[in-house]
Amino acid sequence: MKEIIKVEMKTRTVDFCKCKTDMLAVGVFSDAKGLDKTNRELDSKFAGSIERLIKSGDFEGKEQSSAIVYGNDKTGAKRVLLVGLGERKKATLDTIRRAAANAAKKAVAMKIENLGMALHKAFGGRFDITTMGQACAEGTYLGSYRYDEFVTESENGRLDSLKVELIDSDAAKTKKLNKGLSSGAIIGKAQSYARTLANRPGNVINPAELAAAAKQLAGSSRTLSCTVFDEKQLAAKGMNGILAVGAGSQNKPRLIVLKYTPARTVCSKVPTVGLVGKAITFDSGGISIKPSARMDQMKLDKSGGVAVLGTMKAAAELKLGVNVYGIIPAAENLPSGTSYRPGDIITTFSGKTVEVQNTDAEGRLILCDGIAYAEKQNCDIIIDIATLTGACMVALGKYMAGLMGNDDKLIKTLQKCAETSGEKIWYMPSGDEYAEEMKSKIADLKNIGSNWGGACTAAAFLRQFVGNKKWAHLDMAGMDMPHNGKNSAGTGSTGFGVRLLTTYLMNVAGKK
Ligand code: BES
Ligand code: MN
Ligand code: ZN
């Protein structure tokens, strides 16, 4: 297997009109009247060709669009990449992240190894420079990523690495950019790490392999530890939700427990956070088997678990001052003579019994054991993340994940983190009416509700396992769907959740 494209990023203090680079990316708003001061200066070096291009109407500065102007011996940059930013008044921090992604994607497509970025310039003082540096770094990772581990045939020499420099002429500003770049690169790298794990198919990653990856991650860090429970240990603990879902496959289930303990003791006021991620390495539906169309996509049913892995990696590298558990129940949902069946009654880790009415509603059965485990570890805050329901996709489409929970402050904080991280979420209900639908006549709970509100009833099911802890649930089912129009990540896994959850942990730890 070959490695995915490496990204190397740094900052440089240089007048961007003179900056020597293969391609220099600058931002242009669609409603700007003529070039701004800095771009005008650059244009004078390019003998007015930037202005001519814009006047011709060939480039309108729309989001996702770009155009190239070529230089000569006298211009520092061989090319200028004009990156569309859309309307100025609509611009957010994510505009700059997406612009960076757009530029990085273009550089990779054109096999341009050295990319200069001065995208932050167009935003003036609108956002803090450090924050913009972070967004540029995150965007660069997002946009340059492609999953090609298994492509062995000639690709006409795709880049081994992309070298990006964030450029400003003011040393004080580059210093700030650099600070943002450092955290942005850690987060971007963690997100790419998550994407690669998620993109690997079911024959490459099964629960044991995922556990091995988690062990490897923890082995490379002093502040991360990893314990893996195999099927025998799961049986001894009574984790029958995970065991039932994994029963049909030869690849036995695991519970992966990562623990991040910062080097410096954390103030007792800082809550311990438990992140619980669904990792179904392949979801066929089991005995309640899914239709065959697009079933291959169900290799991505481990995305929640992998987002937790990526977040743990980022938390450790950012040295965040917060204790975190990363709890990842992992199983493969297949039909066979040893599968669990509709009608089965399972006694879950919490002691609550569940009547199985559909073996395709398996995510909640592994999560309820993971959540109960987090509760038992005394996590003050539990956040679970999962590709849980098609119903959530029906409700929200592919642009936002569902957010449910039992604590207003936690919900508000997560909503704020979604804004900064650019990973969008939408608050949905999961209260008593929905919980009512999950009651069984012959057990405490059943694993499906009525035909309606499937995302909410699934959340209401999970809610039964959090005890008195603060809890939030993220249903990210729609986030990794192919042709996800507006996202910067391209096809396959988006790594959704890594930025959102890392931002949340930074917030809890009090790091900007
Ligand atoms: N992993 C699926 C949910 C899913 C569907 C994720 C489509 C991404 C895209 C989950 O395990 C599932 O099958 N859910 C069922 C639940 C139903 C049986 C109550 C669903 O949504 O159809
Ligand atoms: Mn399923
Ligand atoms: Zn599933």
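Residues numbered from 1 in each chain as written. Chains lettered and ligands numbered in written order. Predicted model: local features only at pLDDT ≥ 70, side-chain atom pairs only at ≥ 80, totals over all residues. Heavy atoms only, no water.

Some thoughts on the packing of helix H4 (residues 129-144) against helix H5 (residues 171-199)
So, point 1. Closest axis-to-axis distance for the H4/H5 pair is 6 Å, and the angle between their directions is 30 degrees. The two elements H4 and H5 meet at a crossing, and its hand is right-handed.
So, point 2. Broken down by class, the residue content of the contact of H4 with H5 amounts to eight nonpolar, nine polar and six charged. (Axes fitted to C-alpha atoms, helices over the stretch in contact; angles between N-to-C directions. Helix = DSSP H or I, 4+ residues; strand = E, 2+ residues; numbered from the N terminus. Left-handed = near helix turned anticlockwise from the far one by under 90°. Nonpolar A, V, L, I, M, F, W, Y, C, P; charged D, E, K, R; others polar.)

Some points on the pattern of salt bridges
So, point 1. Counting across every chain of the model gives 23 salt bridges.
So, point 2. A salt bridge links Arg200 to Glu149; its shortest N-O distance comes to 2.6 Å. One end of the pair, Arg200, is in the loop between H5 and helix H6 (207-219); the other, Glu149, is in the loop between H4 and strand E6 (161-168), and 51 residues separate them in sequence.
So, point 3. Its relative accessible area of 7% is what places Glu149 among the buried residues.
So, point 4. A salt bridge links Lys278 to Glu362; the nearest nitrogen and oxygen atoms lie 3.0 Å apart. (Salt bridge = Lys/Arg side-chain N within 4 Å of Asp/Glu carboxyl O. Buried < 20%, exposed > 50% of the residue type's maximum accessible area, 1.4 Å probe, protein only.)

With respect to the coordination of the manganese ion (ligand 2)
So, point 1. Looking at the metal site, the manganese ion (ligand 2) is ligated by Asp283 (OD), Asp360 (O), Asp360 (OD) and Glu362 (OE), spaced 2.0 to 2.2 Å from it.
So, point 2. One can describe the donor arrangement at the manganese ion (ligand 2) as irregular, given that its six donor atoms subtend angles of 69 to 167 degrees at the metal.
So, point 3. When the donor residues of the manganese ion (ligand 2) are listed from N- to C-terminus, their spacing reads D-x76-D-x1-E.
So, point 4. A separation of 3.1 Å is found between the manganese ion (ligand 2) and the zinc ion (ligand 3), both of which receive a donor from Asp283.
So, point 5. Classification of Glu362 as buried rests on a relative accessible area of 0%. (Donors = N, O, S within 2.8 Å, 3.2 Å for Na, K, Ca; no water. Tetrahedral: all angles 85-135°; square planar, octahedral: opposite > 155°, others 65-115°.)

Here we look at the side chain of Ser284
So, point 1. Summarising the element assignment, Ser284 is placed in the loop between strand E10 (279-283) and helix H9 (303-317).
So, point 2. With relative accessibility at 3%, the residue Ser284 sits in the buried group.
So, point 3. Here the side chain of Ser284 touches Asn333 through a polar contact of 2.7 Å, landing on its backbone oxygen.
So, point 4. Residues in contact with Ser284, not counting those within four places in the same chain, are Ile289, Lys290, Met295, Asn333, Leu334 and Pro335. (Polar contact = N/O pair within 3.5 Å; in protein donor to acceptor, adjacent residues only side chain to side chain. Contact = heavy atoms within 4.5 Å.)

Things to note about helix H12 (residues 408-421)
So, point 1. Here H12 contains 14 residues, and its C-alpha end-to-end distance of 20 Å stays within 8% of the 20 Å for a straight helix at 1.5 Å per residue.
So, point 2. Residues of H12 that are buried include every one of Leu410, Ile411, Thr413, Leu414, Cys417, Ala418 and Ser421, and no others. Down the axis of H12, the smallest arc covering the buried residues is 165 degrees, so these residues share one side. Across H12 from its buried face, at more than 90 degrees, point the exposed residues Asp408, Lys409, Lys412, Lys416 and Glu419.
So, point 3. Where H12 is buried, its residues meet helix H3 (93-109), strand E14 (381-386), strand E15 (401-405), strand E16 (425-427), strand E18 (470-475) and helix H15 (498-509).
So, point 4. Gly422 sits one or two positions beyond H12 and adopts a positive phi of about 80 degrees. (Expected span 1.5 Å × (residues − 1). Arc of directions from axis to C-beta.)

Quick look at the domain arrangement of the protein
So, point 1. When its domains are assigned, the protein resolves into domain 1 (6-188) and domain 2 (200-340 + 349-509).
So, point 2. The C-alpha centroid of domain 2 is placed 35 Å from the C-alpha centroid of domain 1.
So, point 3. Between domain 1 and domain 2, the contact holds 16 residues from the first and 19 residues from the second.
So, point 4. Interface of domain 1 and domain 2: buried area, both sides summed, is about 1,500 Å²; carbon and sulfur atoms make up 57% of it.
So, point 5. Our count for the domain 1 to domain 2 interface comes out at two salt bridges.
So, point 6. Notably, a salt bridge pairs Glu138 with Arg499, separated by 3.8 Å at the nearest N-O pair.
So, point 7. Summed over the shared surface of domain 1 and domain 2, the result is three residue pairs in polar contact (both at pLDDT 80 or more).
So, point 8. If one sorts the elements of the side of domain 1 that touches domain 2 by residue count, H3 sits on top with six residues. (Domains from an automatic or database assignment. Buried area = accessible area lost by both parts, 1.4 Å probe.)

A word on the coordination of the zinc ion (ligand 3)
So, point 1. Protein ligation of the zinc ion (ligand 3) involves Lys278 (NZ), Asp283 (OD), Asp301 (OD) and Glu362 (OE), the donor distances falling in the range 2.0 to 2.4 Å.
So, point 2. Angles of 78 to 175 degrees at the metal separate the six donor atoms of the zinc ion (ligand 3), which places the site in the octahedral class.
So, point 3. Along the chain, the residues donating to the zinc ion (ligand 3) are arranged with the sequence spacing K-x4-D-x17-D-x60-E.

Quick look at the site of ligand 1
So, point 1. With respect to spatial proximity, 17 residues lie near ligand 1, and among them Lys290, Asp301, Asp360, Glu362 and Gly390 are the closest.
So, point 2. Take Asp283: an N or O atom from its side chain is 2.9 Å from an oxygen atom of ligand 1.
So, point 3. Here Gly390 contributes a backbone N or O atom positioned 2.7 Å from an oxygen atom of ligand 1.
So, point 4. When ligand 1 is considered free in solution it has 520 Å² of accessible area, and contact with the protein chains removes 78% of it.
So, point 5. Residues of the shell around ligand 1, tallied by class, amount to six nonpolar, four polar and seven charged. (Near = heavy atom within 4 Å. Areas by Shrake-Rupley, 256 points an atom, 1.4 Å probe, with all protein chains shown as cover.)

Some thoughts on the sheet that holds strand E17 (residues 445-446)
So, point 1. Reading across the sheet, the three strands line up as E12-E13-E17 and stay open at both edges, with mixed pairing between neighbours. With one partner strand each, in any of the chains shown, strand E12 (345-347) and E17 form the two edges of the open sheet.
So, point 2. Two strands pair when backbone bridges link them, and E12 and strand E13 (residues 353-355) are joined in this way by three bridges, in the antiparallel orientation. Each residue of the ladder has a partner; that of Ile346, found in E13, is Val354. (Pairing = 2+ DSSP bridges.)

Some thoughts on the packing of aromatic side chains
So, point 1. Applying the stated criterion across every chain, the model contains five aromatic pairs.
So, point 2. Aromatic side chains Phe123 and Phe127 sit 5.9 Å apart centroid to centroid with 50 degrees between the ring planes, which places their arrangement in the tilted category.
So, point 3. For Phe123, a relative accessible area of 5% gives the class buried.
So, point 4. Arranged with centres 5.3 Å apart and planes meeting at 45 degrees, the rings of Phe461 and Phe465 form a pair that is tilted.
So, point 5. For Phe461, a relative accessible area of 0% puts it in the buried group.
So, point 6. Classification of Phe465 as buried rests on a relative accessible area of 4%.
So, point 7. Taken together through their ring pairs, the aromatic side chains of Phe29, Phe123 and Phe127 make up a single cluster.
So, point 8. The ring of Phe16 is capped by Lys121, whose NZ or CZ atom sits 5.3 Å from the centre of that ring.
So, point 9. A cation over a ring is seen here: Lys259 above Tyr325, with NZ or CZ 4.9 Å from the ring centre. (Phe/Tyr/Trp six-rings, centres within 6.5 Å; stacked < 30°, edge-to-face > 60°. Lys NZ or Arg CZ within 6 Å of the ring centre and 35° of its normal.)

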